[in-house]
Amino acid sequence: MNLLITRPLPDPVMTAACARFDVTARDSTLPLSATELRAALTDYDVVLPTLGDLFTAQVFADVPAPRAKLLANFGVGFNHIDTKAAAAHGIAVTNTPGAVTDATADIALTLLLMTARRAGEAERMLRAGQWQGWHPTQMLGAQVSGKTVGIIGMGRIGRAIAQRCHYGFGMNVIFHSRSRTDAGLPAQQLPMAQVLQADFVVISVPSGPATHHLINAEALAQMSPHGILINIARGDIVDEAALATALQSRQIAGAGLDVYENEPSITPALLSMENVTLLPHLGTAVLETRTAMGMMAVANLIAHLDGQPLPNPV
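Residues numbered from 1 in each chain as written. Predicted model: local features only at pLDDT ≥ 70, side-chain atom pairs only at ≥ 80, totals over all residues. Heavy atoms only, no water.

Re the sheet that holds strand 3 (residues 46-48)
In space, the 5 strands of this open sheet follow the order 2-1-3-4-5, with parallel pairing throughout. The open sheet has two edge strands with one neighbour each: strand 2 (22-25) and strand 5 (92-94). The mean inter-strand angle of the sheet, taken between neighbouring strand axes irrespective of direction, is 20°. With 3 bridges connecting them, strand 4 (residues 70-72) and strand 5 associate as parallel partners. Residue Leu71 lies in a different strand from strand 5, and its bridge partner there is Val93. (Pairing = 2+ DSSP bridges. Helix = DSSP H or I, 4+ residues; strand = E, 2+ residues; numbered from the N terminus. Axes fitted to C-alpha atoms, helices over the stretch in contact; angles between N-to-C directions.)

Thoughts on the packing of aromatic side chains
Evaluation of the coordinates by the stated rule reveals 1 aromatic pair. Seen from their ring centres, Phe55 and Phe60 are 6.2 Å apart, and the 35° between their planes marks the pair as tilted. Accessibility classification places Phe55 together with Phe60 in one group, the buried group. (Phe/Tyr/Trp six-rings, centres within 6.5 Å; stacked < 30°, edge-to-face > 60°. Buried < 20%, exposed > 50% of the residue type's maximum accessible area, 1.4 Å probe, protein only.)

Looking at the sheet that holds strand 7 (residues 172-176)
In sheet architecture, strand pairing relies on hydrogen bonds along the backbone and comes in two forms, parallel and antiparallel. Taken together, the 7 strands give an open sheet; going across it, the order is 8-7-6-9-10-11-12, and neighbouring strands pair in parallel fashion. Strand pairing shows two members of the sheet lacking a second neighbour, strand 8 (188-189) and strand 12 (276-278), which therefore form its edges. With 4 bridges connecting them, strand 6 (residues 148-152) and strand 9 (residues 200-203) associate as parallel partners. By the bridge assignment, Ile152 is partnered in strand 9 with Ile203. Along the sheet, helix 5 (residues 101-116) contacts strand 9, strand 10 (228-231), strand 11 (254-257) and strand 12; its crossing angle with strand 10, the most-contacted strand, is approximately 150°. Seen against the sheet, helix 10 (residues 240-248) touches strand 10, strand 11 and strand 12 and runs at an angle of roughly 145° to strand 11. (Contact = heavy atoms within 4.5 Å.)

Considerations on the nonpolar core
Counting residues in hydrophobic clusters, the biggest one holds 46 residues, and the most contacted among them are Leu48, Ile161 and Ile232. If you tally residues by element for this core, the top one is helix 5, at 7 residues. If sequence neighbours within four positions are ignored, Ile161 has contacts with Ala105, Ala108, Leu109, Ile151, Val202, Ser204 and Ile232. Counting 30 residues, the second largest nonpolar core, distinct from the first, contains Ala198, Leu220, Ile237 and Leu243. (Core = buried A, V, L, I, M, F, W, Y, C linked by side-chain atoms within 4.5 Å.)

Points about the pairing of strand 1 (residues 2-5)
Each regular strand shows side chains that alternate between the opposite faces of the sheet. Relative to strand 2, strand 1 runs parallel, the two being bridged by 4 bridges. For Ile5, the partnering residue across the bridge sits in strand 2 and is Ala25. After leaving strand 1, the chain enters helix 1 (residues 11-20) and then returns to the sheet as strand 2, a path that is right-handed. Here strand 1 pairs with strand 3 via 3 bridges, running parallel. Note on strand 3: the bridge partner recorded for Leu3 is Val46. (Right-handed = clockwise from strand over helix to strand, strands pointing away.)

Section: the pairing of strand 10
By the alternation rule, side chains of strand 10 split into Ile228 and Ile230 and Leu229 and Asn231, which are all buried. With 4 bridges connecting them, strand 9 and strand 10 associate as parallel partners. Following the sheet pairing, Phe200 is matched in strand 10 by Ile228. Relative to strand 11, strand 10 runs parallel, the two being bridged by 4 bridges. Residue Ile228 lies in a different strand from strand 11, and its bridge partner there is Gly254.

Remarks on the environment of Arg118
Tracing the backbone shows Arg118 in the loop between helix 5 and helix 6 (119-127). Each C-alpha atom of the pair Arg118 and Gly141 lies 6.0 Å from the other, and the pair is 23 residues apart in sequence. When neighbours within four sequence positions are excluded, Arg118 is seen to be in contact with Met139, Leu140 and Gly141.

Examining the pattern of salt bridges
Here the idea is simple: oppositely charged side chains can pair when their charged atoms come close. Enumeration over the complete set of coordinates arrives at 9 salt bridges. A salt bridge links Glu123 to Arg127; the nearest nitrogen and oxygen atoms lie 3.1 Å apart. With Glu123 and Arg127 both in helix 6, this residue pair falls 4 residues apart, about one helical turn. Judged by its relative accessible area of 42%, Glu123 is partly exposed. Linked through salt bridges whose partners overlap, the residues forming this network are Asp102, Asp106 and Arg164. (Salt bridge = Lys/Arg side-chain N within 4 Å of Asp/Glu carboxyl O.)

Quick look at a nonpolar patch on the surface
Taken together, Leu126, Trp131 and Trp134 make up a surface patch of nonpolar side chains, about 430 Å² in accessible area. One can find Leu126 in helix 6. (Patch = residues over 30% accessible without salt bridge, like charges linked within 9 Å, V, L, I, M, F, W, Y side chains within 5 Å. Areas by Shrake-Rupley, 256 points an atom, 1.4 Å probe, with all protein chains shown as cover.)

A word on the environment of Ile81
If you trace the backbone, Ile81 turns up in the loop between strand 4 and helix 4 (83-88). On the accessibility criterion, Ile81 (5% relative accessible area) is buried. Between the C-alpha atoms of Ile81 and Leu51, which are 30 residues apart in sequence, the distance is 9.1 Å. If near-sequence neighbours (up to four positions away) are discounted, Ile81 is found in contact with Pro49, Phe55, Leu71, Asn73 and Val93.

What follows is the structure in structure tokens.
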């Protein structure tokens, strides 16, 4: 089978893929263009796409009889693929759950700590040569240990974040989930309005129509004035313009973001604020994690090749 890999992947993944497929690997680190998206469906038997490769309903509509039969997505999130349209065209979609859990939970804690302790702001001050030495009221931030963290979405990643917060920092954990959920540790499941009032609010839900702008102006207004919002899920879950307004007006104390509504573009107002930490979607940016993700995607491809059930259908 002919396989298209849409962006460079770690060497072990490429080796595993080349052992079973006739591989075409793009050198570009940018998402597929509109022309390339259509060519992926017409010129290849299977495709290993990545975040940003926008296989929309229109792309599928433009290719009524695709050659491709599987999109083995590199990542747990697949909101860039219209799965209903894919299914209607006879194309299966898989993802890579589990492999991303620890790295993504780690980046949530990175953002929480950086924002609470003003680490990004402090480093910028130091690098700019503005540090004049230690003094008692310099760069005072927020305490993390012993505070309350509210987690919206208690799936694999939400649980991993809760474990780090509870066992690592002695934090009180509250959470919101659409269904009754056992967090696997001392935690209280509450309505979202109450979870939003926590000292730290971490977004860990999948992206989709039900969660688009889940955190909007109304939700932000329910947060505490000293609250800090962390988003490691998907950018469109948070209304970025409303968040910028809430931060500018000090309606909330701060935010830590690893994902954005229109990546790689970021709402300009956020770039000039010192009370927001901005990372360039580093959630799974660990060699071991990216390799595990790639190997899971290849496992789905091989199952398809061998006529076996797909390990991770979505």
